[in-house]
Amino acid sequence: MSKLTKAIVRKPGKNFADGISTSNLGKPSFELALDQHAAYREALKQCYIDVIVLEADERYPDGCFVEDTAVVTNEVAIITRPADPSRLGEEESILETMSKLKKIERITAPENLEGGDILRVEKNFYIGITKRTNVEGANQLAQLLSKYGYTATQVPVKDILHLKTGIAYLGDNNFIGVDELRGIAQGKNMIKVEQGEEYSANCLRVNDSLIIPKGFPKSKSQIVRLGYNIIELDMSEFRKMDGGLTCLSLLF
Ligand code: CIR
C-alpha cells in the first residue's frame, strides 16, 4: 500500500438526520455526530494525514459521506455520479477541491457509481453492482482506470448498501467481511464477521494503523491478532444513517 498523506472530509450539517437511512436505529444526534466527526479527523491526523475539512453543505444531508463522490489513485481523481437524486450534486464541491490536487476524470450521465462500491486491492479495483452503481457506470470506471494501469472486477452485491459496507481490505492479504463476499478474498485471509457484527466489516486502513468501529468485540478479538496499530472509534451516529468509517473520507 502506498503511503497516504491527505484526506478530504466534510462536516455533517444540521440536517444530517434528514439523509437516507434504512437502519431503524433511530434519529442521530447532530451534536454527537459532530463530536464523532471531530474524533475521526483526529484519528486521521494521528495516522500522519493532512486533513482538508470542508464545511457542511446544507443542501445535502448525506454530504458528510464524501467517499461516495470520487475514486482516487496516485494519478487521478475520478469524480463519480451518485445515484440517489438527493445526493446528486454533492460531487461538484469535491471536484472543485480535488481539481487543485489531482488530474480529474468523471463518470458521465446517465450512469451511476458511488465510491462506497469501490474496493481497491493493490492494483485491482472491485466494483460492487448495487442499487447505487450500475453496470454501465462500472464499465466507465473500469475503462478510466485501465488508462492508468489498473484492472477492475465487477461484483454483484445483494442486500447491502455498498460493496464496502460488507468488506474491507486491510492490506497484507487480509480482509474482513460478510460471508456473501468471501469470493473476493479467495485464497487470502478473511476474517468473517459474525451475525450481529456486520457493521464491523467496514474498517479503514490508514498507513500503519487500522481504524475500526467501537462495539464489536468478536471482530475485534480476531483483528488484534493481525498485529496492526488499532484505533477504535465510536460511529453510532453515522451508523444510524447507514454510514461507516470509510464513507467519511476521501484518502489519497
Ligand atoms: C446513503 O444512503 O447514501 C447515506 N445515508 C449513507 C452513505 C454511506 N456511504 C458509504 O457507504 N460509502
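Each remark here, short or long, concerns the structure printed above.
Summary of the structure given here. If you're wondering where the values come from, they're calculated on a predicted model, not measured in any experiment.

Right, let's get into empty space enclosed by the protein. Using the criterion set out here, one finds one cavity of 30 Å³ or more in the structure. The volume enclosed by the largest cavity comes to roughly 100 Å³. Taken together, Ile 20, Asp 62, Phe 65, Asp 68, Arg 87, Arg 132, Leu 161, His 162, Met 241, Asp 242, Gly 243 and Cys 247 make up the lining of the largest cavity. Class assignment of the residues belonging to the lining of the largest cavity gives a composition of five nonpolar, two polar and five charged.

So, about the layout of surface pockets. In this model, the largest pocket occupies a volume close to 820 Å³. Lining the largest pocket are 32 residues; nearest its centre among them are Leu 4, Val 72, Arg 120, Lys 164 and Leu 251. Put simply, the parts of the chain that give the lining of the largest pocket at least two residues each are β3 (70-72), β6 (118-121), β9 (167-171), β12 (204-206) and β15 (250-251). When the residues that make up the lining of the largest pocket are grouped by side-chain class, the tally is 17 nonpolar, seven polar and eight charged. Roughly 550 Å³ of volume is contained in the second largest pocket. Ile 160, Leu 161, Thr 165, Tyr 199 and Asp 242 are the residues nearest the centre of the second largest pocket, which is lined by 26 residues in total. Its residues placed into classes, the lining of the second largest pocket shows seven nonpolar, 10 polar and nine charged.

Around the ligand, a shell composed of 14 residues is seen, among which Ile 20, Glu 67, Asp 68, Arg 87 and Met 241 lie nearest. One nitrogen or oxygen atom from the main chain of Ile 20 is found 2.7 Å from a nitrogen atom belonging to the ligand. Asp 68 has a polar side-chain atom sitting 2.8 Å from a nitrogen atom of the ligand. For the ligand, whose accessible area on its own is 350 Å², the fraction buried by protein is 99%. The cavity that encloses the ligand is the largest cavity. Counted by class, the shell around the ligand contains five nonpolar, three polar and six charged residues.

A separate point is the side chain of Asn 112. Take Asn 112: it is sitting in the loop between β5 (103-106) and β6. A distance of 3.0 Å separates the side chain of Asn 112 from the backbone oxygen of Arg 81, its partner in a polar contact. Among the polar contacts made by the side chain of Asn 112, one reaches the main-chain carbonyl oxygen of Pro 82 at a distance of 3.1 Å. Residues contacting Asn 112, with those up to four places away along its chain left out, are Arg 81, Pro 82, Ala 83, Arg 132, Thr 133, Asn 134 and Gly 137.

The rules we used
Residues numbered from 1 in each chain as written. Predicted model: local features only at pLDDT ≥ 70, side-chain atom pairs only at ≥ 80, totals over all residues. Heavy atoms only, no water. 1 Å grid on protein atoms, 1.4 Å probe; cavity = no way out; pocket = protein on both sides within 12 Å on 5 of 7 lines; lining within 4 Å. Points joined across faces, edges and corners; volume = space filled by probe spheres on them. Nonpolar A, V, L, I, M, F, W, Y, C, P; charged D, E, K, R; others polar. Helix = DSSP H or I, 4+ residues; strand = E, 2+ residues; numbered from the N terminus. Near = heavy atom within 4 Å. Polar contact = N/O pair within 3.5 Å; in protein donor to acceptor, adjacent residues only side chain to side chain. Areas by Shrake-Rupley, 256 points an atom, 1.4 Å probe, with all protein chains shown as cover. Sits in = over half its atoms within 2 Å of the grid points. Contact = heavy atoms within 4.5 Å.

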